[in-house]
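Coordinates in review
Residues per chain are reported as follows:
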Amino acid sequence: MTETLLKLRQAGEAVLRTPARPLTTPEIRSPEIQRLIAAMRDTLRDAPGVGLAAPQVGFGLQLAIIEDRAEYQQAIPAAQLAERGRVPVPFQVVINPVLSVVDPTPQVFFEGCLSVSGFTALVPRAAKVRVEALDENGEPRAVEAEGWLARILQHETDHLLGRLYVDAMLPRSFMTSANHARHWKDRPVCEVCAALGLPLPAN
Ligand code: ZN
């Protein structure tokens, strides 16, 4: 099968700031949307990333995909994965999601976005969420998640509401990905917060 790579839209494009519209079940099952899902999957794996929302590839539709492959986690120390509650997540499609917070305790970690390319920042996210959505067949599905998947779900749902992580980040922690890798990547978040003049997080 041919791989289709879509253009990743960057901050500053109106589609990223416009609430997306829901999809009907016939639309979800249409060849056009099925092709879009396949192309988004190719684009996400090529990037690579762990989540992609339709507005990021120019479509104002309430559709996002998530996949956190074991191979992405190989280079990350086990303690860091454990602290973030990051485990492999199989490919999944989230359509017309409604997110509710189950545990609002803020978890503060660095987060990036394929539409804010080259930057990262600390973003507080709720510890546990529940998402009700439709899958790629238009069937209802509910996910209750904590850890990294809870963060990804909040990040992707935000995209569908016209929000970017920069709206929720701790602004003093905004930095280039290069400087993050150079100076901060392996340091505990509490140490990073102290060095950047931020209050100490709960996690
Ligand atoms: Zn994003």
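Structural data are supplied above this passage.
In this report, the structure presented in the accompanying data block is examined. (Residues numbered from 1 in each chain as written. Predicted model: local features only at pLDDT ≥ 70, side-chain atom pairs only at ≥ 80, totals over all residues. Heavy atoms only, no water.)

**A word on the overall build of the protein**
For the record, the criterion: Secondary structure elements are taken from DSSP: a helix is a run of H or I of four residues or more, a strand is a run of E of two residues or more, and numbering for both begins at the N terminus. Atoms considered for the radius of gyration are the C-alpha atoms alone. The globule rule reads 2.2 Å times the number of residues to the power 0.38. Only protein chains enter the accessibility calculation, which uses a 1.4 Å probe. A residue is then buried if its area is under 20% of the maximum for its type, exposed if over 50%, and partly exposed in between. Note on contacts: a residue pair qualifies if any of its non-hydrogen atoms lie within 4.5 Å across the two residues.
Scanning the protein from N- to C-terminus turns up seven helices and six strands. Secondary structure of the protein in N-to-C order comes out as α-α-β-β-α-α-β-β-β-α-β-α-α. A globule of 203 residues ought to have a C-alpha radius of gyration of about 17 Å, and the protein, at 17 Å, matches this closely. Here the protein holds 203 residues, and the buried ones make up 46% of them. Taking the contacts inside the protein whose residues are at least 6 apart along the sequence as the reference set, 68% of them involve residues at least 24 apart.

**Description of the nonpolar core**
Definition in use: In plain words, nonpolar cores are sets of buried Ala, Val, Leu, Ile, Met, Phe, Trp, Tyr and Cys residues tied together by side-chain atoms within 4.5 Å.
Counting residues in each nonpolar core, the largest one holds 25 residues, and the members touching the most others are Ile 66, Leu 122, Leu 149 and Leu 153. Broken down by secondary-structure element, the contributors of at least two residues to this core are β3 (89-111), β4 (119-134), β5 (140-146), α5 (147-160) and α7 (189-196). In contact with Ile 66, other than residues within four places in its own chain, are Val 50, Gly 51, Val 89, Pro 90, Phe 91, Gln 92, Val 94, Leu 149, Ile 152, Leu 153 and Glu 156. Membership of the second largest hydrophobic core comes to 16 residues, among which are Leu 23, Leu 44, Leu 52 and Ala 54.

**Some thoughts on the coordination of the zinc ion**
Heads up, the rule is: Metal-coordinating donors are taken as N, O and S atoms lying within 2.8 Å of the metal, or within 3.2 Å when the metal is Na, K or Ca; because water is left out, some sites can appear incomplete.
Only Cys 113 (SG), His 155 (NE2) and His 159 (NE2) from the protein reach the zinc ion as donors, at distances of 2.1 to 2.3 Å. For the zinc ion, all donor residues lie on one chain, and their spacing in sequence is C-x41-H-x3-H. Here the residue Cys 113 occupies a position in the loop between β3 and β4, and His 155 occupies one in helix α5, the gap between them amounting to 42 residues. Given the relative accessible area of 8%, His 155 is considered buried.

**Here we look at the pairing of β5**
Defined as follows: Strand pairing is defined by DSSP finding a minimum of two bridges between the two strands.
Bridge count between β4 and β5: seven bridges; the pairing is antiparallel. The partner of Ala 133 across the bridge, within β5, is Arg 141.

**Thoughts on the side chain of Gln 154**
Structurally, Gln 154 can be placed in helix α5. Leave out the neighbours within four places in its chain, and Gln 154 touches Leu 99, Arg 125, Ala 126 and Val 129.

**A look at the packing of aromatic side chains**
For any two aromatic rings, the description comes down to two numbers: the centre-to-centre distance and the angle of the planes. The condition is simple: Stacked, tilted and edge-to-face are the three classes assigned to paired rings of Phe, Tyr and Trp, where Trp is represented by its six-membered ring and a pair needs centres within 6.5 Å; plane angles under 30 degrees give stacked, over 60 edge-to-face, the rest tilted. Here, a charge over a ring is recorded when the distance from Lys NZ or Arg CZ to the ring centre is within 6 Å and its angle to the ring normal is within 35 degrees.
If you walk through the whole model with that rule in mind, you get two aromatic pairs. Ring geometry for Phe 119 versus Phe 174: centroids 4.9 Å apart, planes at 10°, classification stacked. Residue Phe 119 is located in strand β4, and its partner Phe 174 is located in the loop between α5 and β6 (175-176); the two are separated by 55 residues in the primary sequence. For the cation-ring pair, Arg 41 lies above Phe 91, with the distance from its terminal atom to the ring centre recorded as 5.9 Å.

**A few points about helix α2 (residues 31-46)**
To be explicit about the condition: Expected helix span is computed as 1.5 Å times (number of residues minus one).
The first and last C-alpha atoms of α2 sit 22 Å apart over 16 residues, in line with the 22 Å expected at 1.5 Å per residue. Turning to α2, its buried residues are Ile 33, Leu 36, Ile 37, Ala 38, Ala 39, Met 40, Asp 42, Thr 43 and Leu 44.

**Focus on the side chain of Asp 158**
You can see Asp 158 is positioned in helix α5. Not counting residues up to four positions away in its chain, the partners in contact with Asp 158 are Arg 125 and Arg 163.

**Some points on the pattern of salt bridges**
Note the following rule: Any Lys or Arg side-chain nitrogen found within 4 Å of a carboxyl oxygen on Asp or Glu counts as a salt bridge.
The full count for this structure, using the stated rule, is 17 salt bridges. Where Asp 167 meets Arg 17, a salt bridge forms, and the shortest distance between an N and an O atom there is 2.8 Å. Highlighted residues: Asp 167 in the loop between α5 and β6 and Arg 17 in the segment before α1 (25-29), separated in sequence by 150 residues. Under the relative-accessibility criterion, Arg 17 is labelled partly exposed at 39%. Linking Glu 111 and Arg 125 is a salt bridge whose minimum nitrogen-to-oxygen distance equals 2.6 Å. Taken together, the residues span a long stretch of sequence, with Glu 111 in strand β3 and Arg 125 in strand β4 at a distance of 14 residues. Classification of Arg 125 as buried rests on a relative accessible area of 5%. Within the structure, one salt-bridge network assembled from shared partners comprises Glu 111, Arg 125, Arg 151, Asp 158 and Arg 163.

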